[in-house]
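Each chain, letter by letter, is given below.
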Amino acid sequence: MGKSSKDKRDSYYRLAKEQGWRARSAFKLLQLNSQFNLFADVTRVVDLCAAPGSWSQVLSRTLPPTSTIVSLDLQPMTPLPGVTTLQADITHPSTLPLLLQHLGNKPADLVISDGAPDVTGLHDLDEYIQSQLLLAALNLATCVLKPGGGFVAKIFRGRDVAIVFAQLRCLFDRVTCAKPRSSRGSSIEAFVVCEGYSPPAGFKPSLETPLGLGAKFPESRRPSGRDKEEEHLVDGVKEVELREAEGGEDSDHVSREARYIAPFIACGDLSEFDSDATYALPEVDEFGQKWKSKDPIQPPTAPPYKTALEMRRQLGGGGSGGLPKP
Amino acid sequence: MLCSFLPQLRLQTKKWLSLLPTMCCLNTITLRQIADALSSEDRVLVAAGTVFGEILLWSAAIIPSSSSPGIRGLKNPKTHYRLLGHEGSIFGVNISPKYHGGKYYLASCSDDRTIRIWDISQFESSPPISGDMDIKKTGFGHELVQGGGCVSVGWGHSARIWGVRFLPATKEGWVELLSISEDLTSRFWTFDSERKYARDTELKNVATYRLHSGKHIWSFALDFERGLLATGGADGKIGLVHYRDDQESREEAWGMDTVLAQIGVSREEPGEPNHRDKKAHDAFKEYAALDNDRFAATTTLGRVLTYTLSQKKWSILGQWAGLSGWSILASWGGSGLIALGAHNGLVGVLDTVSGREWWWQSMAGENGKVAGVFLERAGIGGGQNYYILTTALSPTIFSLHSFRMDHSKSPPVLIDRETLPLQSPARVGETKFLVTSLAINQETNRLFLGSRAGSLGIYDLSSTARPLRAFSHSLIHPTDAITTILPLGPGILTTSRNGEYSHLSISPPPHIHLTKTHSQKSPLVIEGARQSDNLTLWGFRGKNFTIINQASQHEVHSVACGGAHRSWAHRLNRYFVWTKAGKAHLARTHPCRKLLQSGLHGREVKSIATHGDLIATGAEDTLLHLSTLSPHSGQLCPGAVVGTHTTGIHALQFTPSGRYLFSAGGAGELLAWRVRSANEIVLEGTCEGWSDLRVEGFDLLPVEGGEGEEGGVLLVVGYSDSTIRFYYFSPSTGVFSLVMKGTYRTCCILHIKFLPSNDGILVAGTDGYLRIYPLSDPLSLASLPLPLPLPLPPKTIEKRVHQSSIKAMRVAARANGVYVYTGGDDCAFGVTRIDIKNSVAESWIVPRAHASAVTAVLCVGRHVLTAGVDQQVKFWNVSEGEDGITVGMREQRESAIADISAAETVGGAKVVIVGVGVDVWETSDGL
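Given the structure is predicted, the values throughout are model-derived calculations rather than measurements.

Scanning chain A from terminus to terminus reveals nine helices and ten strands. Burial statistics for chain A: of 326 residues in total, 49% are counted as buried. At a minimum sequence separation of 6, the contacts of chain A that also span at least 24 residues come to 70%. With the model as given, the accessible surface of chain A reaches about 15,300 Å², and the carbon-plus-sulfur share is 53%.

Before going further, it helps to spend a moment on the overall build of chain B. Across its full length, chain B carries four helices and 72 strands. Put simply, chain B has 927 residues, and 59% of those count as buried. Per element, the accessible surface of chain B, about 36,200 Å² overall, is 49% carbon and sulfur.

Sheets are built from strands that pair by backbone hydrogen bonding, the pairs being arranged parallel or antiparallel. Residues and elements named next belong to chain B. In space, the four strands of this open sheet follow the order 18-19-20-21, with antiparallel pairing throughout. Every interior strand has two partners, whereas the edge strands, strand 18 (284–289) and strand 21 (313–324), have only one. With direction set aside, neighbouring strand axes in the sheet form an average angle of 20 degrees. Helix 3 (residues 256–263) contacts strand 18, strand 19 (294–299), strand 20 (301–308) and strand 21 of the sheet and is inclined by roughly 105 degrees relative to strand 21.

Attention shifts here to helix 7 (residues 161–169) of chain A. Here helix 7 of chain A lies mainly inside the structure; seven of its nine residues are buried. Burial in helix 7 of chain A covers these residues: V161, A162, V164, F165, A166, L168 and R169 of chain A.

Turning to the nonpolar core, a few remarks are in order. All names here are of chain A. Ranked by internal contacts, the top residues of the largest apolar core, which has 51 residues, are L72 and F151. It is helix 6 (residues 123–144) that contributes the most residues to this core, nine residues altogether. Setting aside chain neighbours within four positions, we find F151 in contact with L110, V111, L134, A137, L138, A141, L145, L168, F172, V192, V193 and C194. One finds V83, I112, V152 and C267 within the second-largest nonpolar core, a separate group that totals 30 residues.

The next thing to look at is the sheet that holds strand 44 (residues 583–588) of chain B. Residues and elements named next belong to chain B. An order of 17-44-43-42 is seen for the four strands of this open sheet, with the pairing classed as antiparallel. Two strands close off the open sheet at either side, each with one partner strand: strand 17 (252–254) and strand 42 (568–571). The sheet shows a mean angle of 15 degrees between the axes of neighbouring strands, taken without regard to direction. Taken together, the six bridges between strand 43 (residues 575–580) and strand 44 define a ladder with antiparallel strand orientation. When the bridges of strand 44 are listed, T579 appears paired with A584.

Moving on to the interface of chain B and chain A. Each side of the interface is counted separately: chain B has 92 residues, and chain A has 87 residues. In this assembly, chain B packs against chain A so that about 7,400 Å² is buried in total across both faces, 54% of it on carbon and sulfur atoms. When the area that chain B buries against chain A is broken down by residue, the three leading residues are D692, Q803 and R848 of chain B, summing to 12%. At the surface where chain B touches chain A, the tally comes to five salt bridges. When the shortest N-O distance is used, the salt bridge between E894 of chain B and R159 of chain A registers 3.8 Å. Counting across the chain B and chain A interface gives 24 residue pairs in polar contact (both at pLDDT 80 or more). Within the residue set of the side of chain B that touches chain A, elements represented by two or more residues are helix 1 (2–12), strand 11 (185–192), strand 13 (204–210), strand 62 (797–800), strand 66 (840–846), strand 69 (872–880), strand 70 (885–894) and strand 71 (898–906) of chain B. Looking at the side of chain B that touches chain A residue by residue, the classes come out as 32 nonpolar, 29 polar and 31 charged. Relative to strand 66 of chain B, strand 8 (residues 237–239) of chain A is paired through three bridges, and the arrangement is parallel.

Turning our attention to the confidence of the model for chain A. Low pLDDT marks regions whose predicted coordinates should not be analysed in detail. With 87% of its residues at a pLDDT of at least 70, chain A reaches an overall mean of 86. When the criterion is pLDDT under 50, residues 246–254 of chain A qualifies, and its contacts beyond four places in sequence or with other chains add up to 14 contacts.

What follows concerns the UniProt feature "active site" (unreviewed entry) in chain A. All names here are of chain A. The sites that UniProt annotates as "active site" (unreviewed entry) are K154. With respect to the helices, strands and loops of the structure, K154 is situated in strand 5 (residues 145–156). Those residues in contact with K154, other than ones at most four positions away along the chain, are K28, S113, D114, G115, A116, Q130, L134, E189, A190 and F191.

Mapped onto this structure's residue numbering, the UniProt feature "domain: Ribosomal RNA methyltransferase FtsJ" (unreviewed entry) falls at residues 21–197 of chain A. Annotation note: span residues 21–197 of chain A, helix share 33%, strand share 29%, distance between end C-alpha atoms 30 Å.

This next bit is on the packing of aromatic side chains. One pass over the full model with this rule turns up 44 aromatic pairs over all chains. Here Y105 of chain B and F191 of chain B contribute two aromatic rings whose centre-to-centre distance is 5.5 Å and whose plane-to-plane angle is 85 degrees, an arrangement assigned as edge-to-face. Of this pair, Y105 of chain B sits in strand 6 (residues 105–110) while F191 of chain B is found in strand 11, placing the two residues 86 residues apart along the sequence. When the ring centre of Y305 of chain A is taken as origin, the NZ or CZ atom of R113 of chain B, which lies over that ring, is 3.6 Å away. Here the guanidinium or amino end of R725 of chain B rests over the ring plane of Y719 of chain B, the centre of that ring lying 4.8 Å away.

Residue and element names in this part refer to chain A. Helix 6 packs onto helix 5 (residues 95–102) with a crossing angle of 50 degrees between their chain directions and a minimal axis gap of 11 Å. As far as their axial angle goes, helix 6 and helix 5 are oblique. Like other packed secondary-structure pairs, helix 5 and helix 6 cross with a definite hand, here right-handed. Taken together, the residues of helix 6 that come into contact with helix 5 (itself represented by L96, L99 and L100) are L140, C143 and V144. Taken together, the residues of the contact of helix 5 with helix 6 break down into six nonpolar, no polar and no charged.

This brings us to the state of the cysteines. Taken as a whole and judged by the stated rule, the model has zero disulfides over all chains. The cysteine C748 of chain B is free of any disulfide, with C747 of chain B supplying the nearest cysteine sulfur at 7.1 Å. Of all cysteine sulfurs, the one in C177 of chain A lies closest to C827 of chain B, which takes part in no disulfide; the gap is 5.8 Å. Taking relative accessible area as the criterion, C827 of chain B reaches 1% and is therefore assigned buried.

Moving on, we come to the UniProt feature "repeat: WD" (unreviewed entry) in chain B. Sequence positions flagged by UniProt for "repeat: WD" (unreviewed entry) are, in local numbering, residues 83–121 and 642–683 of chain B. Span residues 642–683 of chain B is 0% helix and 60% strand, its end C-alpha atoms 9 Å apart.

Our focus in this paragraph is the confidence of the model for chain B. Residues and elements named next belong to chain B. Chain-level statistics for chain B give a pLDDT mean of 86 and a share of 89% at 70 or above. Considering each helix and strand of chain B separately, the mean pLDDT is smallest for helix 1, with a value of 28, and largest for strand 50 (residues 649–654), with 98. With pLDDT under 50 throughout, residues 1–40 is counted as low confidence; its partners more than four residues away or in other chains account for 98 contacts. Counting interchain partners and residues more than four positions distant, the pLDDT-below-50 stretch residues 132–146 has 35 contacts.

This next bit is on the packing of helix 3 (residues 26–36) of chain A against helix 4 (residues 54–62) of chain A. Residues and elements named next belong to chain A. Orientation of helix 3 relative to helix 4, taken along the N-to-C sense of each, is 50 degrees, at an axis distance of 8 Å. Taken as axis vectors, helix 3 and helix 4 run oblique relative to one another. In this structure, helix 3 crosses over helix 4, and the sense of that crossing is right-handed. Between helix 3 and helix 4, the residues in contact are A26, L29, L30, L32 and N33 and S54, W55, V58 and T62, respectively. Of the residues that constitute the contact of helix 3 with helix 4, the class distribution is six nonpolar, three polar and no charged.

Residues and elements named next belong to chain B. For the coordinates displayed, the defined rule picks out 48 salt bridges over all chains. For D111, the salt bridge identified is with R113, shortest N-O distance 3.1 Å. Each member of the pair, D111 together with R113, is buried.

Rules used throughout
- Residues numbered from 1 in each chain as written.
- Chains lettered and ligands numbered in written order.
- Predicted model: local features only at pLDDT ≥ 70, side-chain atom pairs only at ≥ 80, totals over all residues.
- Heavy atoms only, no water.
- Helix = DSSP H or I, 4+ residues; strand = E, 2+ residues; numbered from the N terminus.
- Buried < 20%, exposed > 50% of the residue type's maximum accessible area, 1.4 Å probe, protein only.
- Contact = heavy atoms within 4.5 Å.
- Areas by Shrake-Rupley, 256 points an atom, 1.4 Å probe, with all protein chains shown as cover.
- Pairing = 2+ DSSP bridges.
- Axes fitted to C-alpha atoms, helices over the stretch in contact; angles between N-to-C directions.
- Core = buried A, V, L, I, M, F, W, Y, C linked by side-chain atoms within 4.5 Å.
- Buried area = accessible area lost by both parts, 1.4 Å probe.
- Salt bridge = Lys/Arg side-chain N within 4 Å of Asp/Glu carboxyl O.
- Polar contact = N/O pair within 3.5 Å; in protein donor to acceptor, adjacent residues only side chain to side chain.
- Nonpolar A, V, L, I, M, F, W, Y, C, P; charged D, E, K, R; others polar.
- pLDDT = per-residue confidence, 0-100.
- UniProt positions renumbered as here; feature names shortened; annotations may be inferred.
- Phe/Tyr/Trp six-rings, centres within 6.5 Å; stacked < 30°, edge-to-face > 60°.
- Lys NZ or Arg CZ within 6 Å of the ring centre and 35° of its normal.
- Parallel < 35°, antiparallel > 145°, perpendicular 65-115°, else oblique.
- Left-handed = near helix turned anticlockwise from the far one by under 90°.
- Disulfide = S-S within 2.5 Å.

Encoded structure:
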């Protein structure tokens, strides 16, 4: 497949290159913002797991220049105008004073995190690690968020996602599961948008005893089970009144108490590109020149197995084991 | 295990608190109680790797639990080493047992595809490292190495290495390890610990086993006493290796000098003064397996040798001038007889037991080389007929020699020798028929010849015509040699060097017709096959000679012999002998590997189609599996596996008769298969494809009265660029013809269905809409002569039901309209009633029906089943009234299948759910 094949199969990949975003994920935040108006009245924002920095780029381009934007990652990140980049561990206690210092010792209005682990292919494990990463981000968020503040994070909509939703609802007024059109439909990824930070009385955030590991989640003040929330239905369809289960067996009644299915909302207009579709490439670019496939803004980081690849190449492709690739 | 252990550690060892959350949960922690000689308190030694490629080795004193055995807590922690060197996340660590000289080692494996060995013997006396390590030093690009030296590095795995384990010491100074990987292999490694810390001492990969398919070996277990390794893969298979037996039977190799010295002849050619100065060297020419314990070999100077494995002894049967410079050798396994072809046109039979020999002219008037010798035998015991087919260099006539052995004499003598001339099946002007294989079915009196160009000739041995002429000649394996022909009942099995093997049925006379009933590709250059309970194939794969169990698709044995271009002989389950760099090599091939449990796909299953008890599944591993559901156990019984697709298979469907199966997926691939049973599948046609496109959904309609007995099939196919194409598939020609084409919108099409009354198609995509295009008479499309495809008529109904992708869709005709049941990426379950006549659609939605995308919808009687990525399976009562519909959830269950992609009914009352694995559900109370 040629260089432009990926441009055809992934229009957001092509657009990111053409609009100067470091990664296609920038469109996910833009589409989330167009739905939730996340950046209204926001002056202090924290971007966690920020590298390579496409979400920070969105903040940098969208927020007024007077805003404070602090980006954290364990990996070094190319600097961005108006963004303070820190190389730090979001779970380490020493990170908190560092972060507060850069926020001018004032609480943040919004904490966002697009962090994800390298997936292994073992679904239970990948979903667990993603939820642990989300909890780590949440834990730091609780230490810096102002009451009423917002939290947006990547989530894997897998087996136990309803437990994570229930935990988040203990701390926020409104929890919504959102999927931007720029996130592939075939991917398990979605975003949890938490609005109105309101920790219960007596809740003390801490990095020493983080939530989920060591500290218990506070009791939710919100009624358990389904409540009358606004459903995001498309025009012209009727919501079905669900009849109660007719004496059917509920195999797992106790654990359902701790679960909550957050309302779902698809973000991004249908007129925008479909991340699952294949598109014909434009014939001319914005300057009327013949369209050419562009190189990515930031080259992909060298994989950890770079040396192994080089050795394999030297050995003539077969490797020392003499087996062809599976 | 680790997850439950972490909180406990955190409470007790505050100082490392900061390090723990950065540890990937994958990292193995090895706990080992060691008696601390200095403090005499029980301490636990812990090795843990981090996602940043560091390994921490620390210990702490154990606070025993007062009430029950076990640990209440840990105290007095000490960090001994922070080991740096890996370039990627650590996925596994293991602390060795105590080796010779009181040595302890740590092994680690990583994303960087290496295994590293660290000497940690001195950990107790090493100065402890501060617990307050600067956290900003995390991440890659470490500058310092603290303590512990990396003594050895192993390279070889081609993907992530998930686990590593030391074996107990067997030989002084030798350290042995096992590793498992994403690359489907488990590998054994050794290194010589006596070597004095030579830098970059490479770990030697001594054995590699591949019993799984798809991706990943996730788990393993070792039984050191019996030398057993069991591995578990993402494919659900459990493989078993007798690793000690396997690795102890090492290769043997001989140079010609060694062999000649052993049998007591000089390597110089006696009595040929012209060659005396040149010292003509003898060399191995050809091999033939005699029985389980003996093989024969010819040499370039015309010697015939035998080797007895149990006695490790070479013997010489003699030396023949006619075999000097050119010889062909073959044997009838187990008979003690070998056949020889000489350069002077003579063919010989040699009894390797008695040493008696019989020679005759291979063909009247032929004094040139015997180019080929192919053997067969038929009958049993004393009545056994032996056959030799000989060919000359430029063959239009072959000679079939037959004889019997008179065992009443001692030693036995060759009797009743006859020669029958056979006309080559190739006509004048056609490619020469160069024989590569022979088979005789005595019951049907048929003789089969395979050629280098892949064609098959069949002769009737009862015919009296001379020379005998082939009554059938057809191309079976285009362009590559047929290497084996096995008579199987009334049909045959053929194998080819192109990697394909086929089952052929032969219709009875007078109108003899060959039908390929099954055809499958293997990863081998197939050289031979045996059909017993299972089909076993052998041949070359890269630089290895490999034996594969085709039923369970696993490697039974693999010998690194250097590649295909060499002389070799093979006795199944016993040995493989070959020439490499002038030497004769021998490797035992006793079966040391088997599958304890068969499996299915090694990656996510994306599609399923069923017909009665027959199940077809397609997956991201690009394979198409056929299986049947056992009515008793509810288990899937594996059938054929075909790997023709080049990318994931996302859609599958049988024709209503079950005779044809269509499969589609990435690269716009759409293939037609003829299916006769779970073990019989043949590719019948390939539709045009496009590398940038995917097919996520298609539907089909059988067209009666088409050409041939089968009738044709009309297909409607949806592509990722929003195009809709109608194809007519003709089974008699295997051709897909484009008959109608249109574009939906710009979004990716996920589902497409003919309406129940065939008067239109229903399309659903990533935009959440249902859309109907009317068709007045779709079946007429099959009979139209079309210079250009027709345009798609304009849509009549358009109704948005979901916020985004419609992940699952089913259509049912009910009394008051057509009902469409949908599952959305928006977690909702939708019911849409369509009045086609009046172009009206009405939709009802159950929001938050699942906690994730609803990826499977199935009508089970009057009920609807949904399943989603949240691994919930829900059963709904849907009542359709005139005013609207009511929905109640009847039952909810949890599935073990992650990433559920589809569900289908099988065998009437059961439901199969596919994703990362397969679930079979039984619906109760006569629904």
